[in-house]
Structures are given as structure tokens and as C-alpha cells.
Amino acid sequence: MEVVIAPVDALAGLAADAIETLVRARPEAVLGLATGSSPLAVYDELVRRHTEQGLSFARARAFTLDEYVGLAADHPQRYRNVIARELTDRIDLDPARVAGPDGSAADLPAACAAYEQAISAAGGIDLQILGIGTDGHIAFNEPGSSLASRTRVKTLTMQTRQDNARFFDDDPSAVPNHCVTQGIGTILAASHLVLLATGRAKAEAVHQLVEGPVSAMWPATALQLHPHVSVLVDDAAAGRLQLADHFRQTWAAKPAWQGL
Ligand code: GLP
């Protein structure tokens, strides 16, 4: 696990560099996209590189992490719509090449199994962007989630509904109770995981993710079991890291050509 502590713009640039390197080397790359505010600066940077430098995603594919259950197809907070607005409609990625778990399927378990199958059929995810919840969730894998889980229906915690109420007119009761989400086992199957976290509210979750014992109580700690994880955090989110000085020294000494 590599931890980079830097200002938000620099973090976004690093994540965008990793995606650009991948897509230039393998135009048909499979990207894993996350919603939430943490990846927004990365998406803006990718759009800038697409618009100003011709970075193309035309042959790439993308899978999103999770989706609320029961939101209308045109609901602005439906993650499928969020990711279109924030990234995929702003670059040359055909909407038909973007998939997400189906939160409005009549048979949700079948839709979850089909989603796993679609990721496998695409050859798996090359690079997965992740955020982290204040309670240590990744995608919508809340505390108590199986560390081997695959895409399935989950119940959101009240903490997450409160955290996400800002997208629902500050009304936690308007945030759906249920979601469909890639499992932790699904996420761990991606080749490279790039997690972004900023702000003091994430400091405890980041500390647990990097330095805590692997535990379903802090689902993101499962990332310690993955061989290629980049944790990109600002000073505030790094505020509780005991190894912060070591991570700063390590990054400062790393040759720039190596990338993430
Ligand atoms: C939601 C998403 C997660 C995301 C988390 C953190 O719950 N399902 O994928 O990581 O929020 O969001 P933010 O980056 O806005 O703090």
C-alpha cells in the first residue's frame, strides 16, 4: 500500500496520470469509477486532458461501484446519472460502454449476479477509483460487510444516510435505505486500486484503512490484502496517520517516472 500525502490538486493529477498512462498503453482499458465528492477533481482533470490534449476514452469501458435502490431513472442522484454528469458525458466514452449495478431491477439478486458476470466478461477492472466513507465503507460496503463479498443488495447505515443527505435536500430520510454495491471481493479483484480521501472527517477512516487491523468493522482495511493500492490523501485526511512522516519521506524519494 502506497500512501501519498499532497494537496488536492496534486492528488487529482496523480490519479489522472495513472489513468492516462493506462489508457494510452491500453486504449481498451476497463476503468472502475466511483461517485462521491472525492474523485471529482480527478474527473475534472481527465475532462481537461480530453478537451485540451486529446486524451481519448473511445475504446475504454467503465463500471461503476454502486447504486441506490429504488430511485427513478431520471433522479439526479441516481449514480448512473451522477457519473454521466460528472465524467462520462464530458469525454468521448460511449454511454453504452458504461455500466453500473441495476438498482431498479425487478430481480435484484439476478441483476447483481449479471453485473459480476459483465465485469468478468470485460476481462476485469484495470484501475478502480475509490473514495471512503467516514465509517470506513468502500463503495457501499458498510461496517460488518463480508470481506469476500461480491455485488449484492445492502442496507445503508444511518451514518451514511446522514453523510449523503446533502445530496437529498439535507433530509436523511430521503436517502434510500438500500443499495446494490460491488462487494469487497469484487473490488479486490481489480488490478490497481486508487483511493482518494480529503478533509479531517476522513482522518480516522484513513488511519484505520492504512494502519488498523483488517476487520469488517472498517471495511476499507481489506485493501491491505491487495498488492497494488495507492492511497491519495491531503494533510487533513492524513492527520491521524502514525506513519505520516515515513510516507512523506518515501514519496519525496520516489523517482517521478515510476508513477503510482
Ligand atoms: C458514498 C459512495 C462511496 C463514496 C462515499 C464517500 O457513500 N457510495 O463510493 O466513497 O460516499 O463520499 P465522498 O467522497 O463524497 O466523501
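Residues numbered from 1 in each chain as written. Predicted model: local features only at pLDDT ≥ 70, side-chain atom pairs only at ≥ 80, totals over all residues. Heavy atoms only, no water.

### Section: the overall build of the protein chain
Along the protein chain, the regular secondary structure elements total 8 helices and 10 strands. In terms of overall size, the protein chain behaves like a compact globule, its C-alpha atoms giving a radius of gyration of 17 Å where 260 residues would be expected to give roughly 18 Å. Here the C-alpha coordinates of the protein chain stretch approximately 55 × 40 × 35 Å along the principal axes. Looking at the protein chain residue by residue over its 260 residues, the buried ones come to 53%. At a minimum sequence separation of 6, the contacts of the protein chain that also span at least 24 residues come to 78%. When the accessible area of the protein chain is evaluated, it comes to approximately 11,000 Å², of which 53% is carbon and sulfur surface. Here the protein chain holds 21 positive side-chain charges and 30 negative ones, and the gap between their average locations is 3 Å. (Helix = DSSP H or I, 4+ residues; strand = E, 2+ residues; numbered from the N terminus. Rg over C-alpha atoms; globule rule 2.2 N^0.38 Å. Buried < 20%, exposed > 50% of the residue type's maximum accessible area, 1.4 Å probe, protein only. Contact = heavy atoms within 4.5 Å. Areas by Shrake-Rupley, 256 points an atom, 1.4 Å probe, with all protein chains shown as cover. Lys, Arg positive; Asp, Glu negative; His and termini not counted. Charge placed at Lys NZ, Arg CZ, Asp CG, Glu CD.)

### As for the sheet that holds strand β1 (residues 2-5)
Taken in spatial order, the 7 strands of this open sheet run β1-β10-β9-β6-β2-β3-β5, and their pairing is parallel. Each of the sheet's edge strands pairs with one partner strand only, and the pair in question is β1 and β5 (98-99). Where strand β3 (residues 61-64) meets β5, 2 bridges bridge the pair, whose relative direction is parallel. Each residue of the ladder has a partner; that of Phe63, found in β5, is Ala99. (Pairing = 2+ DSSP bridges.)

### Looking at helix α1 (residues 8-25)
With 18 residues, α1 should reach 26 Å at 1.5 Å per residue; the first-to-last C-alpha distance of 26 Å fits that figure. Every buried residue of α1 is listed here: Leu11, Ala12, Gly13, Leu14, Ala15, Ala16, Ala18, Ile19, Glu20, Leu22 and Val23. (Expected span 1.5 Å × (residues − 1).)

### Some thoughts on unusual backbone geometry
Of note in the backbone geometry, Asp169 takes a positive phi value of approximately 55 degrees without being a glycine. Mapped onto the elements, Asp169 comes out in the loop between α5 (158-164) and β8 (178-181). Residue class for Asp169 comes out exposed when judged on its relative accessible area of 75%. For Asp170, which is not glycine, the phi dihedral falls at a positive 60 degrees. Mapped onto the fold, Asp170 is located in the loop between α5 and β8.

### Here we look at the site of the ligand
In the region of the ligand, 13 residues are neighbours, and Ser37, Ser38, Asp66, Arg166 and Lys202 sit closest. Within the contact set of the ligand, an oxygen atom lies 2.5 Å away from a side-chain nitrogen or oxygen of Ser37. Within the side chain of Ser38, one N or O atom sits 2.5 Å away from an oxygen atom of the ligand. Of the residues contributing to the shell around the ligand, the split by class is 4 nonpolar, 6 polar and 3 charged. (Near = heavy atom within 4 Å. Polar contact = N/O pair within 3.5 Å; in protein donor to acceptor, adjacent residues only side chain to side chain. Nonpolar A, V, L, I, M, F, W, Y, C, P; charged D, E, K, R; others polar.)

### Re the pattern of salt bridges
One pass over the structure, following the stated rule, counts 15 salt bridges. Each of Asp17, Glu20, Arg24, Glu45, Arg48, Arg49 and Glu52 takes part in a single network of salt bridges with overlapping partners. (Salt bridge = Lys/Arg side-chain N within 4 Å of Asp/Glu carboxyl O.)

### Topic: the environment of Cys179
Take Cys179: it is sitting in strand β8. Each C-alpha atom of the pair Cys179 and Thr155 lies 6.4 Å from the other, and the pair is 24 residues apart in sequence. Non-local contacts of Cys179, meaning those with residues more than four positions away in its chain, are made with Glu67, Tyr68, Val69, Phe140, Arg152, Val153, Lys154 and Leu156.

### Thoughts on the sheet that holds strand β4 (residues 66-68)
Pairing is antiparallel in the open sheet, where 3 strands are placed in the order β4-β8-β7. Of all the strands in the sheet, the pair left with one neighbour each is β4 and β7 (152-155). Taking each pair of neighbouring strands and ignoring which way they run, the sheet shows an average axis angle of 30 degrees. The pairing of β4 with β8 spans 3 bridges and is classified as antiparallel. Following the sheet pairing, Glu67 is matched in β8 by Val180. (Axes fitted to C-alpha atoms, helices over the stretch in contact; angles between N-to-C directions.)

### Digging into the nonpolar core
As a rule of thumb, nonpolar side chains are buried together in soluble globular proteins. Counting residues in hydrophobic clusters, the biggest one holds 68 residues, and the most contacted among them are Ile19, Tyr43, Leu46, Phe57, Leu195, Leu232 and Val233. The greatest single-element share of this core, amounting to 9 residues, is contributed by α1. Among residues more than four places away in sequence, those in contact with Val233 are Val3, Val4, Ile5, Ala6, Leu11, Ala197, Val206 and Ala238. Grouped together as the second largest cluster of nonpolar side chains are 10 residues, Leu71, Phe140, Ala165 and Phe168 included. (Core = buried A, V, L, I, M, F, W, Y, C linked by side-chain atoms within 4.5 Å.)

### Brief notes about helix α7 (residues 203-211)
For α7, a buried count of 7 out of 9 residues is recorded, marking the element as mostly surrounded by other parts of the structure. Taken residue by residue, α7 has Ala203, Ala205, Val206, His207, Gln208, Leu209 and Val210 as its buried positions. Here the buried face of α7 lies against β1, β9 (192-197), β10 (229-233) and α8 (244-252).

So yeah, pure geometry; function would need other evidence.
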